[in-house]
Amino acid sequence: MKMTKNEFVQPLNPKVTSLAADGLIGFQKKVRDIPDLLRLTFGEPGFNVDGAIKDAVISSVANNNSHYSDAQGERDLRQAAVKYYASRYDLPFESEDNVIVTVGASEAINVIFMTLLNENEGLLIPEPAYTPYTASLDLAHGTKITINTRPTDFKLTPELVADAVEQANVPVKAILFNYPSNPTGVTYTRDELEALADVFKRYHLWVISDEIYAQLTYDQDHVSLSSLLPEQSILMTGLSKSHAMTGYRIGFIIADQAFIDEAQKVHQALTFALPKFIQDGATVALTTAADVADDMRDTYKRRRDWLVPHLEEFGFEVVNPEGAFYIFAKIPDDMGHDSEAFALDLAENGHVAMIPGSAFSEYTPEYVRISYAASDEDLQEAVRRMSAFFAAKRANVNA
């Protein structure tokens, strides 16, 4: 007897079916069919990959490097990575055995969570925060403990950490610390990081340090937590932002070898290995093209300095970014307090898209994230469109 579709009742994994929809992706879907839409949404660098990197990939393909590569990452790439990051951020690691090459930072997040966390162990996440962290944490069966940084100008403080640990109703094992931050662009001085390191050490917290935007720090030198707490810090980084290699999907986990040896087991189960020709390009990125991020950083800083005053003129209350390429801003008071409604209105009637702050935290429902990774021309056009949008909205109110 043939079974009909409706008779098949085996359920899917409730851990997956209960995952909340990603707010970043969800909003993009809502506005994707709007014609002539300028998107100041995703963190997509507006630069092409350096020619030397592309040449290395092409040459590698031509030389038939299409076979399995080293599961932990090609040795040349891991050697280049540990040298590159150690020289820039004074890391204590010297061996390629301290590195795993991952499929971008996205896989790195999952590998780290699965390696560290037992079921119902707590992970501190300062908010607002990059939304996929939460889904990865749920899949690793950890427990999210949010820290609201809005009262402290979106900066984590030792007092906030101590309060969160003391008030938690589950064992707190780790903190996920992203700086420069997505979505706010804030970062930290050495003194601030040393104070945080003291409290992380006091509470014996693993520190998952997401420093993917480290090379896009504007007005000060970036200080890595791995240089301050090497025994308990796990550095997560990659080439998507620093080298505009988002599509290449090259990420790195850098940590003490004892952790790397265990995390490698998870990485092998999830991915096994990345294509060798991609890794050959990444090796050139960290050697021949090591300094390409400098020009990008200067461009982003110039765009920030140009865009922030225009947004303030429109009535936005801006969190001035010290790194990355995002502006996190409170929408003008006369535009209400619902950033999703505002962002939809702006997309539909102003043809400019930005991400509602509610996608990053329940604590920021009246904020939006604006990416200035777009080209100068697109940013200028976006400002013209916003000017017309606000003028029309305010004229209707005053009519």
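Residues numbered from 1 in each chain as written. Predicted model: local features only at pLDDT ≥ 70, side-chain atom pairs only at ≥ 80, totals over all residues. Heavy atoms only, no water.

(A) Quick look at the environment of Pro45. If you trace the backbone, Pro45 turns up in the loop between strand S1 (38-39) and helix H3 (51-62). On the basis of relative accessibility, which here comes to 5%, the residue Pro45 falls in the buried class. The sequence separation of Pro45 and Lys241 amounts to 196 residues, and the corresponding C-alpha distance is 6.5 Å. The contacts of Pro45, once residues within four sequence positions are left out, are Ser240, Lys241, Ala244, Thr246, Tyr300, Phe325 and Ala373. (Helix = DSSP H or I, 4+ residues; strand = E, 2+ residues; numbered from the N terminus. Buried < 20%, exposed > 50% of the residue type's maximum accessible area, 1.4 Å probe, protein only. Contact = heavy atoms within 4.5 Å.)

(B) Quick peek at empty space enclosed by the protein. Counting across every chain of the model gives one cavity of 30 Å³ or more. The space that makes up the largest cavity amounts to roughly 150 Å³. At the level of secondary structure, the elements contributing two or more residues to the lining of the largest cavity comprise strand S3 (122-127) and strand S5 (172-178). With three residues, S5 is the largest single contributor of residues to the lining of the largest cavity. (1 Å grid on protein atoms, 1.4 Å probe; cavity = no way out; pocket = protein on both sides within 12 Å on 5 of 7 lines; lining within 4 Å. Points joined across faces, edges and corners; volume = space filled by probe spheres on them.)

(C) Representation of the UniProt feature "domain: Aminotransferase class I/classII large" (unreviewed entry) in the chain in the model. As annotated in UniProt, the feature "domain: Aminotransferase class I/classII large" (unreviewed entry) corresponds to residues 36-385 in the numbering used here. Secondary structure content for residues 36-385 is 41% helix and 17% strand, while the C-alpha to C-alpha distance between its ends is 11 Å. (UniProt positions renumbered as here; feature names shortened; annotations may be inferred.)

(D) Representation of the domain arrangement of the chain in the model. Each assigned domain of the chain is listed here: domain 1 (14-48 + 292-398) and domain 2 (66-289). Of note, the centres of domain 1 and domain 2, computed from C-alpha atoms alone, are 26 Å apart. Contacts between the two partners involve 37 residues from domain 1, matched on the other side by 37 residues from domain 2. Of the roughly 3,100 Å² buried at the junction of domain 1 and domain 2 (both faces included), carbon and sulfur atoms supply 59%. Our count for the domain 1 to domain 2 interface comes out at three salt bridges. One salt bridge in this structure joins Glu366 and Arg150, with 3.0 Å as the shortest N-O distance. In this assembly, domain 1 and domain 2 are joined by 20 residue pairs in polar contact (both at pLDDT 80 or more). Among the elements of the structure, helix H1 (14-17), helix H12 (292-314), strand S10 (326-330) and strand S13 (367-371) are those that each provide at least two residues to the side of domain 1 that touches domain 2. Looking at the side of domain 1 that touches domain 2 residue by residue, the classes come out as 22 nonpolar, four polar and 11 charged. (Domains from an automatic or database assignment. Buried area = accessible area lost by both parts, 1.4 Å probe. Salt bridge = Lys/Arg side-chain N within 4 Å of Asp/Glu carboxyl O. Polar contact = N/O pair within 3.5 Å; in protein donor to acceptor, adjacent residues only side chain to side chain. Nonpolar A, V, L, I, M, F, W, Y, C, P; charged D, E, K, R; others polar.)

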